[in-house]
Protein chains: 2
Amino acid sequence: MATTLSSAEALDWVFARPRTAKIGIVTASGAPVVAPIWVARDGDALVFNTGADTAKGRAVARDPRVSLCFDDETPPFTFVTIAGRAEIIDDLAEVRRWAATIGGRYMGEDQAEAYGERNGVPGELLVRVTPTKITAVADIAD
Amino acid sequence: MATTLSSAEALDWVFARPRTAKIGIVTASGAPVVAPIWVARDGDALVFNTGADTAKGRAVARDPRVSLCFDDETPPFTFVTIAGRAEIIDDLAEVRRWAATIGGRYMGEDQAEAYGERNGVPGELLVRVTPTKITAVADIAD
């Protein structure tokens with residue numbers, strides 16, 4: 001039976017394995033854009049890397065509101081959507097540290113350092129998203 | 001190696017199996033929202049059902065611009081993002097016909113009629129999205 005998850009349960013579900021987030025941002029012209037990103041958990045927040053000069057980097061600089069969606073796309077279907085506020089961090093040590101964590105999470109620990117080095121350079125950002133509302137329903141079609 | 005897909009290749013990848021779309025819309029206050037939806041292919045367009053009085057229904061009535069994202073969230077990772085324009089169809093026969101097709105696609109043919117009946121009622125809409133730009137990269141981390 002479809003079950004509404006608490007915020008804590010939803011975050012645990014999201015980070016139980018390396019799912020990609022689908023992030024929604026709004027362009028300068030007001031159009032929505034969705035793209036997949038890699039994320040890691042930082043307590044009750046979510047972090048991701050992006051470039052300052054990318055669509056995502058520019059969007060969160062204009063407006064901190066973002067939406068992150070995760071789902072299991074096979075029956076009985078589960079989804080988590082997180083509305084949150086993005087904070088931009090350009091401290092290179094932090095960018096690099098989290099880039100290694102995030103890269104290792106999706107590509108394996110042996111790749112972590114390579115991702116840290118690749119993304120720990122000027123122009124790369126860390127974005128920390130603090131959830132403001134979490135909507136999550138498990139086993140929708142059960 | 002990462003490969004850019006043509007629009008035709010991208011649509012074929014999307015519909016090779018019943019993946020969920022993550023749709024991005026913009027609320028009246030200008031915030032992005034992402035949610036998973038079921039879709040079907042109608043030629044080069046994509047169709048989905050929603051209610052006229054849902055966040056998605058109201059958003060596409062205000063602004064036809066939507067973004068649809070699909071991805072394979074395991075290595076080597078593939079994604080397709082479709083920017084498109086939404087057209088709202090409230091003809092109940094069309095709503096019902098596509099609701100059956102869409103329900104059958106994700107839940108099995110034996111469920112198709114039940115979904116058609118459930119969604120083929122006043123207040124339910126069919127939304128047809130005509131792609132304006134398709135961005136697709138396969139085997140990103142290869």
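Quick caveat: nothing in here was measured; it's all calculated off a predicted structure.

Cut-offs used in this document
Residues numbered from 1 in each chain as written. Chains lettered and ligands numbered in written order. Predicted model: local features only at pLDDT ≥ 70, side-chain atom pairs only at ≥ 80, totals over all residues. Heavy atoms only, no water. Salt bridge = Lys/Arg side-chain N within 4 Å of Asp/Glu carboxyl O. Helix = DSSP H or I, 4+ residues; strand = E, 2+ residues; numbered from the N terminus. Buried < 20%, exposed > 50% of the residue type's maximum accessible area, 1.4 Å probe, protein only. Arc of directions from axis to C-beta. Contact = heavy atoms within 4.5 Å. pLDDT = per-residue confidence, 0-100. Axes fitted to C-alpha atoms, helices over the stretch in contact; angles between N-to-C directions. Parallel < 35°, antiparallel > 145°, perpendicular 65-115°, else oblique. Left-handed = near helix turned anticlockwise from the far one by under 90°.

Here we take up the pattern of salt bridges. Evaluated as defined, the whole model comprises 20 salt bridges over all chains. Taking the shortest distance from any N to any O, the salt bridge between A:E87 and A:R128 comes out at 3.9 Å. Note that A:E87 is positioned in strand β7 (residues 78-89) and A:R128 in strand β8 (residues 124-138), a separation of 41 residues in sequence. With its nearest N and O atoms 3.0 Å apart, the salt bridge here joins B:R65 to B:D63. Looking at B:D63, the relative accessible area reads 24%, which means it is partly exposed.

Quick look at unusual backbone geometry now. Cis geometry marks the peptide bond from A:P75 to A:P76; its omega dihedral reads 5°. Positionally, A:P76 belongs in the loop between β6 (65-72) and β7. We note that B:F77 has phi near 70°; this positive angle belongs to a residue other than glycine. Relative to the helices and strands, B:F77 resides in the loop between β6 (65-72) and β7 (78-89).

Moving on, we get to helix α1 (residues 7-14) of chain B. All names here are of chain B. Those residues of α1 that fall on the buried side of the exposure criterion are A10, L11, W13 and V14. Projection of α1 onto a plane perpendicular to its axis shows the buried side chains occupying an angular sector of 160°, all on one side. In this structure, the buried side of α1 is in contact with β4 (40-42), β5 (45-51), β6, β7, α3 (92-107) and β8 (124-138).

In this model, chain A carries an average pLDDT of 97, and 100% of its residues clear a pLDDT of 70 or more. Both scores are available for the predicted complex, with the pTM at 0.97 and the ipTM at 0.96.

What follows deals with the packing of helix α3 (residues 92-107) of chain A against helix α4 (residues 112-119) of chain A. Residue and element names in this part refer to chain A. Look at α3 against α4: their axes get within 7 Å of each other, and the N-to-C directions meet at 140°. Taken together, the axis directions place α3 and α4 in an arrangement best described as oblique. For the pair α3 and α4, the crossing hand works out as right-handed. The residues of α4 that touch α3, namely those facing V95, R96, A99, A100, G103, G104 and M107, are A112, E113, Y115, G116, E117 and N119.

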